[in-house]
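The chain contents come next:
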Amino acid sequence: MKINSINVNKENFSQKILAEYIRTSSGGQELKLQIGTNAPHLEEHNPDNILRFTDQDVSATKLPMEDRPALNRMLKLVQAGKISTIVVYERDRLARNVYEYIQIVTLFYINDVNVIFTATNATPFSKDLFVETWYGLSAQFEGQRITNRLSDARKRNPSNLIGYQKIKSSSNSKGNINKYIPLKEQKDVIYN
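(A) Main features of the pattern of salt bridges. Enumeration according to the criterion identifies seven salt bridges in this entry. By sharing partners, the salt bridges in this structure join Glu 90, Arg 91 and Glu 132 into a single network.

Dropping the structure here:
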């Protein structure tokens, strides 16, 4: 994954900077909501002192923390004492596993990093590990519920039609338009 915007010169990098972390779990999700919700919290800062870390199409439920490249780059800078504040939409963007979340939060505590959650009605970041662990558990349980709902939906609505190859086409205002082409070995049976 790449960092979407990074305009940091050496003079600014010697002081602590603000970071924005955004993550989507699948390719079908967009970053606009997180970017738009984070924007008012970032506007008051010098844009040259803001680093954006983006993990797009990276599931925190399916992938362990070490397989999320932008998160790891950000955490290395936290550990190096280079980041003062992190702006993130919600706790579940950081982790869907309570043990990973505790590890991340502990790193924030050790390095005196302030965290700003921008989602509507998001509970502010707490300096109490017990409280943050509770929210980490909540994010983990929510991730498990999402996984279960998706599994049930896929069982009832398979992503591929039997005998056809699914080809993703363009998108329009109603969403993705998919095209189904009969498989060669099934073509005659389908047409009959």
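So much for the structure itself; the text now carries on.
(B) Fine view of the nonpolar core. Tyr 21, Phe 53, Met 74, Ile 83, Ile 86, Leu 94 and Phe 108 are the most contacted members of the largest nonpolar core, which has 28 residues in total. Put simply, the parts of the chain that give this core at least two residues each are β1 (17–23), β2 (50–55), α3 (69–79), β3 (83–88), α5 (98–110) and β4 (114–117). Of the residues forming this core, the biggest block, six residues, is contributed by α3. With residues near it in sequence (within four places) discarded, Leu 94 still touches Tyr 21, Arg 68, Leu 71, Met 74, Val 88, Tyr 101, Ile 104, Phe 108 and Phe 117.

(C) Spotlight on the packing of aromatic side chains. All told, the structure shown has three aromatic pairs when counted by the stated rule. The interplanar angle of 70° and the centroid separation of 6.3 Å between the aromatic rings of Phe 108 and Phe 125 together place this pair among those described as edge-to-face. With Phe 108 in helix α5 and Phe 125 in the loop between β4 and α6 (129–156), this pair connects stretches of sequence that are 17 residues apart. The same class applies to Phe 108 and to Phe 125, which are both buried. Their ring planes at 45° and their centres at 5.7 Å tell us that Tyr 109 and Phe 125 sit as a pair that is tilted. With a gap of 16 residues between them, Tyr 109 in helix α5 and Phe 125 in the loop between β4 and α6 connect regions that are remote in the sequence. The exposure class of Tyr 109 is partly exposed, given its relative accessible area of 21%. Residue class for Phe 125 comes out buried when judged on its relative accessible area of 13%. Among the aromatic residues, those joined into a cluster by ring pairs are Phe 108, Tyr 109, Phe 117 and Phe 125. A cation over a ring is seen here: Arg 91 above Tyr 135, with NZ or CZ 4.3 Å from the ring centre.

What counts as what
- Residues numbered from 1 in each chain as written.
- Predicted model: local features only at pLDDT ≥ 70, side-chain atom pairs only at ≥ 80, totals over all residues.
- Heavy atoms only, no water.
- Salt bridge = Lys/Arg side-chain N within 4 Å of Asp/Glu carboxyl O.
- Core = buried A, V, L, I, M, F, W, Y, C linked by side-chain atoms within 4.5 Å.
- Buried < 20%, exposed > 50% of the residue type's maximum accessible area, 1.4 Å probe, protein only.
- Helix = DSSP H or I, 4+ residues; strand = E, 2+ residues; numbered from the N terminus.
- Contact = heavy atoms within 4.5 Å.
- Phe/Tyr/Trp six-rings, centres within 6.5 Å; stacked < 30°, edge-to-face > 60°.
- Lys NZ or Arg CZ within 6 Å of the ring centre and 35° of its normal.

Remember that the coordinates give geometry; whether it matters functionally is a separate question.
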